[in-house]
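Notes for the structure review
Residue-level listing of the chains:
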Amino acid sequence: RPKVTLDIELSDRMVDLVDDGFDLAIRITRAPHPNLIARLLAPAQLVLCAAPSYLKRRGTPKHPSELAEHDVISYTYYASRDEWTFEGPDGPVTVRTRPRLHANNGDTCRAAALKGQGIILQPRFLVHEDLKCGALREILPGYRSPELGIYATYTSRRQLPLKLRQMIDFLAEAFESPAWER
């Protein structure tokens with residue numbers, strides 16, 4: 001096995017792999033960029049949730065349209081920004097939210113929700129422990145946001161260094177049975 005040295009940069013912004021000098025990016029998206037090679041590692045379901053203290057204070061929405069009247073904590077990089085779409089029992093529903101807070105980092109959205117500041121729509125992998133222990137409660141479980149994928153993305157299959165190929169294989173194996181799906 002080749003020795004691998006990792007230089008990890010955490011950022012929610014979309015980096016340019018070539019211009020920024022990255023060998024690999026992990027991206028959470030509906031559709032990877034067409035100019036990149038992308039290997040699906042795992043699905044990423046978005047979950048609507050809020051702290052019990054928020055729901056006690058403001059009530060629990062019964063339909064996505066009610067989100068327009070709630071305090072919402074929005075992730076800045078959502079493709080649809082503040083317009084959230086769900087697939088429900090009667091078909092698709094789109095609601096224009098009015099966020100009280102925008103954040104370009106999912107952990108920041110989560111932290112605000114844990115403090116009872118509002119409702120978030122975040123990937124299950126980010127909130128699964130909070131849901132399990134009751135710090136957050138899933139709301140509107142009958143309505144699903146379009147599923148995203150977690151992808152390993154890179155620039156070319158040609159002359160793919162062995163260590164990069166092995167890293168991608170390692171990630172694929174690690175994501176075969178993710179903790180949030182168990």
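Before reading on, note that the structure itself is shown above.
This section reports on the structure supplied with the text. Please read all numbers here as calculations on a predicted model, not as lab measurements. (Residues numbered from 1 in each chain as written. Predicted model: local features only at pLDDT ≥ 70, side-chain atom pairs only at ≥ 80, totals over all residues. Heavy atoms only, no water.)

**A short note on the pattern of salt bridges**
Note the following rule: The rule for a salt bridge is simple: a side-chain nitrogen of Lys or Arg has to be within 4 Å of a carboxyl oxygen of Asp or Glu. Numbering goes from the N terminus for both helices and strands, where a helix is a DSSP run of H or I of at least four residues and a strand is a run of E of at least two.
The tally for this structure, following the rule as stated, stands at eight salt bridges. Arg39 serves as the salt-bridge partner of Asp169, at 2.7 Å between the closest nitrogen and oxygen. Here Asp169, found in helix α4 (residues 162-174), pairs with Arg39, found in strand β2 (residues 37-44); they are 130 residues apart in sequence, far enough to count as distant. The salt bridge partner of Arg110 is Asp130, with a shortest N-O separation of 2.5 Å. Here Arg110 is found in helix α2 (residues 106-114), whereas its partner Asp130 is found in helix α3 (residues 124-133), with 20 residues between them in sequence.

**Some details on the pairing of strand β10 (residues 148-154)**
Basically, it comes down to this: When accessible area is computed with a 1.4 Å probe and restricted to protein chains, residues below 20% of their type maximum are described as buried, those above 50% as exposed, and intermediate ones as partly exposed. Should DSSP find at least two bridges between two strands, the strands are regarded as paired.
When you tally the buried positions in β10, you get seven out of seven residues, the bulk of the element. Side chains Leu148, Ile150, Ala152 and Tyr154 of β10 all project onto a buried face; the interleaved residues Gly149, Tyr151 and Thr153 project onto the opposite face, where all are buried too. Pairing geometry for strand β1 (residues 25-29) and β10, over five bridges, is antiparallel. Opposite Ile26, over in β10, you have Ala152 as the bridge partner. Pairing analysis gives seven bridges linking β2 to β10, with the strands arranged antiparallel. Residue pairing for β10: Arg39 is matched across the bridge by Ala152.

**What to know about a nonpolar patch on the surface**
Here is the rule we go by: Two distance rules govern patches: like charges are joined within 9 Å, and nonpolar side chains (Val, Leu, Ile, Met, Phe, Trp, Tyr) within 5 Å, applied only to residues with over 30% relative accessible area and no salt bridge. Residue exposure ignores everything except the shown protein chains as possible cover, and the areas themselves are Shrake-Rupley values with a 1.4 Å probe.
On the surface, a nonpolar cluster with roughly 390 Å² of combined accessible area is contributed by Leu6, Ile8 and Leu10. Its place among the elements puts Leu6 in the segment before β1.

**A short note on the packing of α2 against α3**
Test applied: To obtain an axis, a line is fitted to C-alpha atoms, over the contacting stretch when the element is a helix, and the angle between two such axes runs from 0 to 180 degrees between their N-to-C directions. These descriptions rest on fixed angle ranges, namely under 35 degrees for roughly parallel, over 145 for roughly antiparallel, 65 to 115 for roughly perpendicular, and the rest for oblique. By definition, any crossing whose near helix is turned counterclockwise from its far helix by less than a right angle is left-handed, and any crossing with a clockwise turn is right-handed. In what follows, residue pairs with any heavy atoms lying within 4.5 Å of each other are defined as contacts. Gly counts as polar in this scheme, as do all residues outside two lists: the nonpolar Ala, Val, Leu, Ile, Met, Phe, Trp, Tyr, Cys and Pro, and the charged Asp, Glu, Lys and Arg.
Two elements in contact, α2 and α3, have axes separated by 10 Å at closest approach and are oriented at 25°. Taken together, α2 and α3 sit at an angle that is classed as roughly parallel. Two packed elements cross with a definite hand, and for α2 against α3 that hand is right-handed. Residues Gly106, Asp107, Arg110 and Leu114 of α2 form the contact with α3, whose participating residues are Leu126, Val127 and Asp130. When its residues are assigned to classes, the contact of α2 with α3 shows three nonpolar, one polar and three charged.

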